[in-house]
Amino acid sequence: MLTFDNNPAILQFNILQRYPEVIDFVTTRQHPDGSGADFNIGYKGGSHDDCVNNRLALCNAVGLGPEWMVFQNQVHGCNVHIVRKGDKAWGFYDKESAVQDNDVLVTNEPNTCLITRSADCIPVLLYSPDTKSCAAVHSGREGTYLGAAVEGAKALKANFGADYAQMIACIGPGICKDCYEVDCNCAAKFMEDNRFPSDTYTVKGDKVYLDLKRMIFYDLLTLGLVATNIEISDICTKCANDKFYSARSGDTQRFCAGICIRDY
Ligand SMILES: [Zn+2]
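Residues numbered from 1 in each chain as written. Predicted model: local features only at pLDDT ≥ 70, side-chain atom pairs only at ≥ 80, totals over all residues. Heavy atoms only, no water.

Visitor: How should helix α1 (residues 48-62) be read in this particular structure?
Guide: For an α-helix, 3.6 residues make a turn, and residues three or four places apart therefore share a direction. Compared with the 21 Å implied by 1.5 Å per residue over 15 residues, the 21 Å span of α1 between its first and last C-alpha is a close match. Of the residues making up α1, those classed as buried are C51, V52, N54, R55, A57, L58, C59 and V62. Those residues of α1 that are buried lie in contact with β1 (2-4), β2 (7-12), β3 (22-27), β4 (69-70), β7 (113-118) and β15 (255-261). After α1 finishes, the residue G63 shows a positive phi value of roughly 75 degrees. (Helix = DSSP H or I, 4+ residues; strand = E, 2+ residues; numbered from the N terminus. Expected span 1.5 Å × (residues − 1). Buried < 20%, exposed > 50% of the residue type's maximum accessible area, 1.4 Å probe, protein only. Contact = heavy atoms within 4.5 Å.)

And the structure:
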């Protein structure tokens, strides 16, 4: 991943840099003003005012207005919301106005920024260059099992005619295969599901370690995306807890990933 305009507090995916019409970003726990202040983007884990101020600072850093931002209240599911004209500024100043009970935001509206929040769960951004449509997906353990990223890609095809073979997928910072320990009961449904190859989990005694990023990667390949169009961040939010929020490390704050197609 690259830094955003040389600001080490905000990252971008390398693969999206070939599309000047796309603005993408992944925040860290560091404030982009360089002050070293906390940069919580979620309404849990800090004061309401700090969250609003951090979101405004994010807008400033990435050059997008608050009225363009769409947040969702994530529930570890795979519900898809199509963001239409006029749906903007959802959930920016309060969580009540966000898209409710949703983990997959999709749009072809320009100047509309789709946001997914994380702390160990995997943020996934999708971009369809042929239809200029995009998606932001929250894919934790349940979302990955349910195929949330696949639902996002399917929605781009069904609603806008996106071609899987041209689609770009960015699998963002999240918990790694060495850190994501679950018990056998929890792992069983992944191990028994043929769609997840055996290199997506490791069994050590009565513990299993899941590789959520690789599961998402394989799911997208099966759907028809091309491996060279998929970027997987090697950043683990738990290993790099000094830079990212990590639920497994006890953090209640959230960082975020966003994608916006601009027409200016
Ligand atoms: Zn790790």
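Read on for the rest.
Visitor: Can you walk me through the environment of V106 in this structure?
Guide: Turning to its location among the elements, V106 is positioned in strand β6 (residues 104-107). Once the C-alpha coordinates of V106 and Y127 are considered, the two residues, 21 residues apart in sequence, prove to be 9.8 Å apart. If near-sequence neighbours (up to four positions away) are discounted, V106 is found in contact with V80, H81, I82, V83, L114, C134, A135, G152, A155, L156 and F160.

Visitor: Which parts of the structure should I look at to understand the sheet that holds β6?
Guide: The strands making up a sheet associate through backbone hydrogen bonding, with each pair oriented either parallel or antiparallel. Sheet architecture is open: six strands sit in the order β5-β6-β9-β8-β10-β14, paired in mixed fashion. Edge strands, defined here as strands with exactly one partner in the open sheet, are β5 (80-83) and β14 (230-232). Put simply, the sheet's adjacent strands are angled 15 degrees from each other on average, direction ignored. As judged from the four bridges shared by β5 and β6, these two strands associate in the parallel manner. In the strand pairing of β6, H81 is matched with L105. (Pairing = 2+ DSSP bridges. Axes fitted to C-alpha atoms, helices over the stretch in contact; angles between N-to-C directions.)

Visitor: I keep staring at the nonpolar core and nothing clicks. Help me out?
Guide: In summary, soluble globular proteins display a tendency toward joint burial of nonpolar side chains. Counting 41 residues, the largest nonpolar core has V106, L156, L210 and L220 as the members making the most contacts within it. Only β6, β8 (122-128), β9 (133-139), α3 (148-160), β10 (168-171), α4 (184-191), β13 (207-210) and α5 (212-223) provide two or more residues apiece to this core. Among the elements that make up this core, the one with the highest residue count is α3 (seven residues). Residues within four places of L210 in sequence aside, it is in contact with R141, C176, K177, Y180, V182, A187, F190, T200, Y201 and M215. Within the second largest apolar cluster, 27 residues are counted, among which are V22, Y127, F244 and Y245. (Core = buried A, V, L, I, M, F, W, Y, C linked by side-chain atoms within 4.5 Å.)

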